[in-house]
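Structure at a glance
Read off the chains here:
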Amino acid sequence: MLYLLSDLSGTLSALNVFRYITFRTGGALFTAGLFVFWFGPLIISLLRLRQGKGQPIREDGPQTHLLTKRGTPTMGGLMILAGAIVAILLWANPRNHYVWITLTVTLGFGAIGFYDDYLKVTKQSHKGFSGKFRLALEALIAISACTMIALYSPVSLQNQLAFPVFKDALLNLGWFYVLFGGFVIVGAGNAVNMTDGLDGLAIVPVMIACGTFGVIAYLVGNSFTASYLQVNYVRDTGELAVVCGAVIGAGLGFLWFNAPPAQIFMGDTGSLALGGLLGVVAVATKHEIVLAIVGGLFVLEMMSVIIQVASFKLTGKRVFRMAPIHHHFEQKGWKEAQVVIRFWIIAVILALAGLATLKLR
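An unreviewed UniProt entry annotates the protein as Phospho-N-acetylmuramoyl-pentapeptide-transferase originating from Methylobacterium trifolii. Per UniProt, the comment on the protein under Function (unreviewed entry) is "Catalyzes the initial step of the lipid cycle reactions in the biosynthesis of the cell wall peptidoglycan: transfers peptidoglycan precursor phospho-MurNAc-pentapeptide from UDP-MurNAc-pentapeptide onto the lipid carrier undecaprenyl phosphate, yielding undecaprenyl-pyrophosphoryl-MurNAc-pentapeptide, known as lipid I."

Here you go:
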(Lines give C-alpha, C1' and ligand atoms only; values in the text may rest on other atoms or scores of the structure.)
Protein backbone atom coordinates (compact mmCIF):
# COMPACT_ATOMS: atom_id res chain seq x y z
CA MET A 1 0.00 0.00 0.00
CA LEU A 2 2.96 2.32 0.55
CA TYR A 3 3.43 2.32 -3.22
CA LEU A 4 0.30 4.46 -3.51
CA LEU A 5 2.12 7.22 -1.62
CA SER A 6 4.21 7.69 -4.76
CA ASP A 7 1.11 9.15 -6.39
CA LEU A 8 1.65 12.15 -4.12
CA SER A 9 5.23 12.59 -5.31
CA GLY A 10 4.15 15.55 -7.41
CA THR A 11 3.42 17.53 -4.26
CA LEU A 12 6.10 15.94 -2.05
CA SER A 13 9.14 14.73 -3.97
CA ALA A 14 10.46 12.72 -0.99
CA LEU A 15 7.64 10.22 -1.53
CA ASN A 16 9.02 9.42 -4.98
CA VAL A 17 11.29 6.84 -3.32
CA PHE A 18 8.27 4.51 -3.03
CA ARG A 19 8.27 4.18 -6.83
CA TYR A 20 11.58 2.33 -6.76
CA ILE A 21 11.27 -1.44 -6.76
CA THR A 22 14.69 -1.84 -5.17
CA PHE A 23 13.71 0.36 -2.20
CA ARG A 24 10.40 -1.44 -1.70
CA THR A 25 12.08 -4.85 -2.01
CA GLY A 26 14.42 -3.92 0.81
CA GLY A 27 11.50 -2.61 2.82
CA ALA A 28 9.54 -5.82 2.28
CA LEU A 29 12.53 -7.94 3.31
CA PHE A 30 13.06 -5.96 6.52
CA THR A 31 9.34 -5.84 7.40
CA ALA A 32 8.75 -9.57 6.89
CA GLY A 33 11.85 -10.52 8.84
CA LEU A 34 10.97 -8.24 11.75
CA PHE A 35 7.37 -9.53 11.80
CA VAL A 36 8.39 -13.20 12.00
CA PHE A 37 11.18 -12.54 14.48
CA TRP A 38 8.87 -10.51 16.73
CA PHE A 39 5.79 -12.75 16.63
CA GLY A 40 7.63 -16.06 16.21
CA PRO A 41 7.82 -17.03 19.89
CA LEU A 42 4.09 -16.38 20.35
CA ILE A 43 3.15 -18.41 17.28
CA ILE A 44 5.39 -21.30 18.35
CA SER A 45 3.88 -21.31 21.85
CA LEU A 46 0.34 -21.36 20.45
CA LEU A 47 1.12 -24.15 18.00
CA ARG A 48 2.84 -26.22 20.67
CA LEU A 49 -0.17 -25.77 22.95
CA ARG A 50 -2.66 -26.71 20.23
CA GLN A 51 -0.69 -29.63 18.77
CA GLY A 52 0.43 -31.36 21.96
CA LYS A 53 2.67 -34.12 20.60
CA GLY A 54 3.70 -32.03 17.61
CA GLN A 55 4.52 -33.39 14.19
CA PRO A 56 4.50 -37.22 14.02
CA ILE A 57 7.90 -38.67 13.15
CA ARG A 58 8.15 -41.49 10.61
CA GLU A 59 8.98 -44.78 12.30
CA ASP A 60 10.87 -45.94 9.19
CA GLY A 61 12.96 -42.77 9.05
CA PRO A 62 16.39 -42.19 10.58
CA GLN A 63 16.29 -43.42 14.17
CA THR A 64 18.00 -40.29 15.48
CA HIS A 65 14.93 -38.28 14.42
CA LEU A 66 12.77 -40.24 16.84
CA LEU A 67 14.86 -38.93 19.72
CA THR A 68 15.71 -35.39 18.63
CA LYS A 69 12.62 -34.24 16.71
CA ARG A 70 9.69 -35.82 18.51
CA GLY A 71 7.31 -33.28 20.04
CA THR A 72 8.41 -30.39 17.82
CA PRO A 73 5.40 -28.39 16.54
CA THR A 74 4.77 -28.08 12.81
CA MET A 75 2.84 -25.61 10.60
CA GLY A 76 5.70 -23.12 10.89
CA GLY A 77 4.79 -22.10 7.37
CA LEU A 78 2.09 -19.96 8.99
CA MET A 79 4.86 -17.74 10.38
CA ILE A 80 6.48 -17.38 6.98
CA LEU A 81 3.24 -16.72 5.12
CA ALA A 82 1.99 -14.23 7.71
CA GLY A 83 5.22 -12.22 7.60
CA ALA A 84 5.50 -12.35 3.82
CA ILE A 85 1.87 -11.41 3.18
CA VAL A 86 1.97 -8.46 5.57
CA ALA A 87 5.12 -7.19 3.85
CA ILE A 88 3.75 -7.76 0.34
CA LEU A 89 0.50 -5.95 1.09
CA LEU A 90 2.46 -3.10 2.63
CA TRP A 91 5.20 -2.66 0.01
CA ALA A 92 4.04 -4.15 -3.31
CA ASN A 93 2.02 -2.30 -5.92
CA PRO A 94 -1.62 -3.30 -5.26
CA ARG A 95 -2.49 -2.57 -8.90
CA ASN A 96 -0.11 -5.24 -10.18
CA HIS A 97 -1.94 -8.38 -11.37
CA TYR A 98 1.15 -10.61 -11.09
CA VAL A 99 1.33 -9.86 -7.37
CA TRP A 100 -2.27 -10.99 -6.83
CA ILE A 101 -1.87 -14.11 -8.96
CA THR A 102 1.21 -15.08 -6.96
CA LEU A 103 -0.53 -14.41 -3.65
CA THR A 104 -3.54 -16.49 -4.73
CA VAL A 105 -1.42 -19.52 -5.59
CA THR A 106 0.68 -19.14 -2.45
CA LEU A 107 -2.35 -18.97 -0.18
CA GLY A 108 -4.11 -21.78 -2.07
CA PHE A 109 -1.15 -24.13 -1.80
CA GLY A 110 -0.64 -23.02 1.80
CA ALA A 111 -4.25 -23.93 2.63
CA ILE A 112 -3.80 -27.39 1.10
CA GLY A 113 -0.59 -27.88 3.09
CA PHE A 114 -2.27 -26.61 6.26
CA TYR A 115 -5.08 -29.15 5.95
CA ASP A 116 -2.54 -31.91 5.32
CA ASP A 117 -0.56 -30.87 8.42
CA TYR A 118 -3.76 -30.69 10.42
CA LEU A 119 -4.67 -34.28 9.55
CA LYS A 120 -1.17 -35.50 10.38
CA VAL A 121 -1.17 -33.81 13.78
CA THR A 122 -4.70 -34.79 14.79
CA LYS A 123 -4.30 -38.40 13.62
CA GLN A 124 -0.64 -38.59 14.74
CA SER A 125 0.26 -40.14 11.40
CA HIS A 126 2.69 -38.99 8.72
CA LYS A 127 -0.05 -39.64 6.14
CA GLY A 128 -2.28 -36.68 5.29
CA PHE A 129 -5.23 -36.71 2.96
CA SER A 130 -5.48 -38.43 -0.44
CA GLY A 131 -2.45 -37.70 -2.61
CA LYS A 132 -4.52 -37.76 -5.80
CA PHE A 133 -7.09 -35.33 -4.42
CA ARG A 134 -4.34 -33.06 -3.16
CA LEU A 135 -2.62 -33.02 -6.56
CA ALA A 136 -5.95 -32.35 -8.26
CA LEU A 137 -6.54 -29.29 -6.07
CA GLU A 138 -3.01 -28.04 -6.70
CA ALA A 139 -3.43 -28.54 -10.45
CA LEU A 140 -6.71 -26.63 -10.46
CA ILE A 141 -5.13 -23.66 -8.69
CA ALA A 142 -1.98 -23.76 -10.83
CA ILE A 143 -3.78 -24.05 -14.17
CA SER A 144 -6.12 -21.21 -13.24
CA ALA A 145 -3.10 -19.06 -12.40
CA CYS A 146 -1.35 -19.95 -15.65
CA THR A 147 -4.46 -19.04 -17.61
CA MET A 148 -4.42 -15.59 -16.03
CA ILE A 149 -0.68 -15.21 -16.64
CA ALA A 150 -1.14 -16.16 -20.30
CA LEU A 151 -3.88 -13.54 -20.67
CA TYR A 152 -1.76 -10.80 -19.09
CA SER A 153 1.46 -11.72 -20.93
CA PRO A 154 2.57 -9.63 -23.94
CA VAL A 155 0.94 -10.88 -27.14
CA SER A 156 4.33 -11.87 -28.56
CA LEU A 157 4.99 -14.11 -25.53
CA GLN A 158 1.57 -15.62 -24.93
CA ASN A 159 1.78 -19.41 -24.62
CA GLN A 160 5.48 -19.29 -25.55
CA LEU A 161 8.19 -21.32 -23.84
CA ALA A 162 11.48 -19.41 -23.71
CA PHE A 163 14.83 -21.18 -23.71
CA PRO A 164 17.80 -19.92 -21.69
CA VAL A 165 21.06 -18.95 -23.41
CA PHE A 166 19.56 -18.97 -26.94
CA LYS A 167 18.41 -15.50 -27.97
CA ASP A 168 14.82 -15.26 -29.21
CA ALA A 169 14.36 -19.04 -29.01
CA LEU A 170 10.65 -19.49 -28.35
CA LEU A 171 8.44 -22.54 -28.68
CA ASN A 172 4.73 -21.90 -29.18
CA LEU A 173 2.91 -24.49 -27.08
CA GLY A 174 -0.53 -23.05 -27.75
CA TRP A 175 -2.95 -23.62 -24.90
CA PHE A 176 -0.88 -26.63 -23.89
CA TYR A 177 1.33 -23.99 -22.31
CA VAL A 178 -1.25 -23.58 -19.56
CA LEU A 179 -0.91 -27.27 -18.70
CA PHE A 180 2.87 -27.02 -18.88
CA GLY A 181 2.91 -24.00 -16.59
CA GLY A 182 0.58 -25.79 -14.19
CA PHE A 183 2.98 -28.73 -14.14
CA VAL A 184 5.86 -26.38 -13.30
CA ILE A 185 3.98 -24.82 -10.38
CA VAL A 186 2.69 -28.11 -8.97
CA GLY A 187 6.09 -29.73 -9.46
CA ALA A 188 7.87 -26.87 -7.70
CA GLY A 189 5.49 -27.01 -4.75
CA ASN A 190 5.91 -30.73 -4.23
CA ALA A 191 9.67 -30.68 -4.86
CA VAL A 192 10.18 -28.14 -2.07
CA ASN A 193 7.86 -30.24 0.07
CA MET A 194 10.12 -33.28 -0.47
CA THR A 195 13.18 -31.24 0.52
CA ASP A 196 11.74 -30.19 3.87
CA GLY A 197 13.06 -33.04 5.97
CA LEU A 198 15.91 -31.63 8.08
CA ASP A 199 16.31 -28.51 10.22
CA GLY A 200 16.97 -25.56 7.92
CA LEU A 201 17.33 -27.73 4.81
CA ALA A 202 14.44 -26.32 2.77
CA ILE A 203 14.17 -22.70 3.87
CA VAL A 204 17.70 -21.59 2.90
CA PRO A 205 17.56 -23.00 -0.67
CA VAL A 206 14.10 -21.40 -0.98
CA MET A 207 15.58 -18.03 0.04
CA ILE A 208 18.46 -18.52 -2.40
CA ALA A 209 16.02 -19.33 -5.21
CA CYS A 210 13.85 -16.36 -4.27
CA GLY A 211 16.88 -14.08 -4.32
CA THR A 212 17.80 -15.37 -7.76
CA PHE A 213 14.31 -14.98 -9.16
CA GLY A 214 13.95 -11.61 -7.50
CA VAL A 215 16.92 -10.47 -9.61
CA ILE A 216 15.48 -12.15 -12.71
CA ALA A 217 12.06 -10.58 -12.18
CA TYR A 218 13.61 -7.13 -11.75
CA LEU A 219 15.73 -7.48 -14.90
CA VAL A 220 13.00 -9.02 -17.04
CA GLY A 221 10.47 -6.42 -15.91
CA ASN A 222 12.74 -3.53 -16.88
CA SER A 223 12.80 -2.75 -20.62
CA PHE A 224 16.34 -1.34 -20.52
CA THR A 225 17.99 -4.25 -18.70
CA ALA A 226 15.93 -6.81 -20.64
CA SER A 227 17.14 -5.30 -23.91
CA TYR A 228 20.76 -5.15 -22.70
CA LEU A 229 20.73 -8.78 -21.55
CA GLN A 230 18.72 -9.85 -24.61
CA VAL A 231 16.01 -11.51 -22.55
CA ASN A 232 12.29 -11.31 -23.13
CA TYR A 233 10.80 -8.18 -21.62
CA VAL A 234 7.69 -8.99 -19.58
CA ARG A 235 6.07 -5.79 -18.42
CA ASP A 236 5.10 -5.46 -14.74
CA THR A 237 6.96 -8.60 -13.59
CA GLY A 238 9.55 -6.43 -11.85
CA GLU A 239 7.07 -6.09 -8.98
CA LEU A 240 7.63 -9.77 -8.21
CA ALA A 241 11.05 -8.77 -6.87
CA VAL A 242 9.18 -7.21 -3.93
CA VAL A 243 7.35 -10.51 -3.39
CA CYS A 244 10.63 -12.43 -3.43
CA GLY A 245 12.18 -9.93 -1.02
CA ALA A 246 9.30 -10.46 1.40
CA VAL A 247 9.81 -14.23 1.28
CA ILE A 248 13.54 -13.85 1.94
CA GLY A 249 12.84 -11.67 4.96
CA ALA A 250 10.21 -14.05 6.33
CA GLY A 251 12.56 -16.96 5.66
CA LEU A 252 15.36 -15.33 7.63
CA GLY A 253 13.01 -14.77 10.55
CA PHE A 254 11.83 -18.37 10.36
CA LEU A 255 15.39 -19.71 10.15
CA TRP A 256 16.10 -18.10 13.54
CA PHE A 257 13.68 -20.62 15.05
CA ASN A 258 14.23 -23.46 12.57
CA ALA A 259 18.00 -23.62 13.01
CA PRO A 260 19.06 -26.92 14.62
CA PRO A 261 17.77 -27.98 16.99
CA ALA A 262 14.56 -26.65 15.46
CA GLN A 263 11.92 -25.11 17.69
CA ILE A 264 9.37 -25.51 14.89
CA PHE A 265 9.05 -27.27 11.53
CA MET A 266 7.89 -25.58 8.34
CA GLY A 267 5.41 -28.32 7.51
CA ASP A 268 3.48 -28.72 4.28
CA THR A 269 1.86 -25.37 5.07
CA GLY A 270 5.10 -23.62 4.21
CA SER A 271 6.85 -25.92 1.78
CA LEU A 272 3.93 -26.28 -0.63
CA ALA A 273 3.19 -22.55 -0.53
CA LEU A 274 6.80 -21.45 -1.09
CA GLY A 275 7.38 -23.96 -3.87
CA GLY A 276 4.19 -22.85 -5.58
CA LEU A 277 5.30 -19.23 -5.28
CA LEU A 278 8.61 -20.00 -6.97
CA GLY A 279 6.76 -21.80 -9.75
CA VAL A 280 4.47 -18.84 -10.41
CA VAL A 281 7.36 -16.37 -10.53
CA ALA A 282 9.20 -18.63 -12.99
CA VAL A 283 6.15 -18.92 -15.26
CA ALA A 284 5.38 -15.20 -15.11
CA THR A 285 8.97 -14.21 -15.99
CA LYS A 286 9.24 -16.83 -18.75
CA HIS A 287 12.08 -18.60 -16.95
CA GLU A 288 10.49 -21.99 -16.35
CA ILE A 289 13.54 -23.91 -17.55
CA VAL A 290 15.87 -21.77 -15.46
CA LEU A 291 13.82 -22.77 -12.41
CA ALA A 292 14.92 -26.36 -13.02
CA ILE A 293 18.52 -25.11 -12.78
CA VAL A 294 18.15 -22.71 -9.85
CA GLY A 295 15.93 -25.19 -8.04
CA GLY A 296 18.06 -28.15 -9.06
CA LEU A 297 18.35 -29.25 -5.44
CA PHE A 298 14.56 -29.54 -5.23
CA VAL A 299 14.51 -31.46 -8.51
CA LEU A 300 17.15 -33.84 -7.15
CA GLU A 301 15.09 -34.49 -4.03
CA MET A 302 11.95 -35.13 -6.06
CA MET A 303 13.69 -37.38 -8.58
CA SER A 304 15.27 -39.45 -5.81
CA VAL A 305 11.79 -40.29 -4.54
CA ILE A 306 10.46 -41.09 -8.02
CA ILE A 307 13.47 -43.29 -8.82
CA GLN A 308 13.25 -45.06 -5.46
CA VAL A 309 9.54 -45.84 -5.84
CA ALA A 310 9.84 -46.90 -9.49
CA SER A 311 12.85 -49.12 -8.83
CA PHE A 312 11.20 -50.86 -5.88
CA LYS A 313 7.97 -51.49 -7.78
CA LEU A 314 9.73 -52.77 -10.90
CA THR A 315 12.65 -54.72 -9.40
CA GLY A 316 11.95 -54.99 -5.67
CA LYS A 317 15.25 -53.23 -5.01
CA ARG A 318 16.03 -49.75 -3.72
CA VAL A 319 18.51 -47.44 -5.41
CA PHE A 320 19.05 -45.31 -2.30
CA ARG A 321 19.32 -46.36 1.32
CA MET A 322 16.39 -44.04 1.98
CA ALA A 323 14.52 -41.37 0.03
CA PRO A 324 14.39 -38.40 -0.27
CA ILE A 325 18.09 -38.30 -0.93
CA HIS A 326 19.02 -36.23 2.15
CA HIS A 327 18.05 -39.26 4.27
CA HIS A 328 20.27 -41.43 2.05
CA PHE A 329 23.31 -39.42 3.12
CA GLU A 330 22.20 -39.53 6.76
CA GLN A 331 22.11 -43.32 6.51
CA LYS A 332 25.63 -43.25 5.05
CA GLY A 333 26.86 -41.60 8.23
CA TRP A 334 26.73 -37.89 7.43
CA LYS A 335 25.69 -35.71 10.35
CA GLU A 336 22.52 -33.70 9.89
CA ALA A 337 24.46 -30.43 9.88
CA GLN A 338 26.80 -31.80 7.18
CA VAL A 339 23.91 -32.73 4.92
CA VAL A 340 22.19 -29.39 5.40
CA ILE A 341 25.24 -27.17 4.85
CA ARG A 342 26.51 -29.17 1.87
CA PHE A 343 23.07 -28.97 0.27
CA TRP A 344 23.08 -25.21 0.88
CA ILE A 345 26.39 -25.01 -1.00
CA ILE A 346 24.86 -26.91 -3.91
CA ALA A 347 21.90 -24.50 -3.89
CA VAL A 348 24.24 -21.49 -4.12
CA ILE A 349 26.17 -23.02 -7.04
CA LEU A 350 22.96 -23.81 -8.91
CA ALA A 351 21.63 -20.30 -8.31
CA LEU A 352 24.80 -18.80 -9.79
CA ALA A 353 24.47 -21.14 -12.76
CA GLY A 354 20.91 -19.94 -13.27
CA LEU A 355 21.97 -16.30 -13.18
CA ALA A 356 24.79 -17.06 -15.62
CA THR A 357 22.22 -18.00 -18.29
CA LEU A 358 21.20 -14.32 -18.40
CA LYS A 359 24.62 -13.14 -19.53
CA LEU A 360 25.40 -16.10 -21.78
CA ARG A 361 22.83 -14.94 -24.29
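1. Looking at a nonpolar patch on the surface
Together, V299, M303, I306, I307 and V319 line one region of the surface with nonpolar side chains, adding up to about 390 Å² of accessible area. Structurally, V319 can be placed in the loop between α12 (296–315) and α13 (325–331).

2. Digging into the nonpolar core
Counting 94 residues, the largest nonpolar core has I185, I203, C210 and F213 as the members making the most contacts within it. Beyond its immediate sequence surroundings of up to four residues, I185 is in contact with V105, F109, A142, C146, G275, G276, G279, V280 and V283.

3. Quick word on the packing of helix α4 (residues 97–123) against helix α10 (residues 267–284)
Orientation of α4 relative to α10, taken along the N-to-C sense of each, is 155°, at an axis distance of 7 Å. Taken together, the axes of α4 and α10 are roughly antiparallel relative to one another. Viewed along their axes, α4 and α10 form a crossing whose handedness is right-handed. Taken together, the residues of the contact of α4 with α10 sort by class into 11 nonpolar, seven polar and four charged.

4. What to know about the environment of L46
Note on placement: L46 falls in helix α1 (residues 21–51). For L46, a relative accessible area of 47% gives the class partly exposed. Spatially, the C-alpha atoms of L46 and P73 are 9.5 Å apart, while their sequence positions differ by 27 residues.

5. So, unusual backbone geometry
Of the consecutive residues P260 and P261, the connecting peptide bond is found in the cis state with omega at -5°. Summarising the element assignment, P261 is placed in the loop between α9 (240–258) and α10. The phi torsion at N159 lies on the positive side, around 60°, for a residue other than glycine. Within the element layout of this structure, N159 appears in the loop between α5 (131–152) and β1 (160–162).

6. Side note on helix α3 (residues 77–91)
The end-to-end C-alpha distance of α3 is 21 Å, a good match for the 21 Å that 15 residues give at a rise of 1.5 Å each. Every buried residue of α3 is accounted for by G77, M79, I80, L81, G83, A84, A87, I88 and W91. Close packing links the buried residues of α3 with α1, α4, α7 (203–220), α9 and α10.

7. Focus on the pattern of salt bridges
Evaluated as defined, the whole model comprises six salt bridges. A salt bridge links D268 to K120, with the shortest nitrogen-to-oxygen separation between them at 3.0 Å. Here the residue D268 occupies a position in helix α10, and K120 occupies one in helix α4, the gap between them amounting to 148 residues. A relative accessible area of 17% places K120 in the buried class.

Conventions we followed
Residues numbered from 1 in each chain as written. Predicted model: local features only at pLDDT ≥ 70, side-chain atom pairs only at ≥ 80, totals over all residues. Heavy atoms only, no water. UniProt positions renumbered as here; feature names shortened; annotations may be inferred. Patch = residues over 30% accessible without salt bridge, like charges linked within 9 Å, V, L, I, M, F, W, Y side chains within 5 Å. Areas by Shrake-Rupley, 256 points an atom, 1.4 Å probe, with all protein chains shown as cover. Salt bridge = Lys/Arg side-chain N within 4 Å of Asp/Glu carboxyl O. Helix = DSSP H or I, 4+ residues; strand = E, 2+ residues; numbered from the N terminus. Core = buried A, V, L, I, M, F, W, Y, C linked by side-chain atoms within 4.5 Å. Buried < 20%, exposed > 50% of the residue type's maximum accessible area, 1.4 Å probe, protein only. Contact = heavy atoms within 4.5 Å. Axes fitted to C-alpha atoms, helices over the stretch in contact; angles between N-to-C directions. Parallel < 35°, antiparallel > 145°, perpendicular 65-115°, else oblique. Left-handed = near helix turned anticlockwise from the far one by under 90°. Nonpolar A, V, L, I, M, F, W, Y, C, P; charged D, E, K, R; others polar. Expected span 1.5 Å × (residues − 1).

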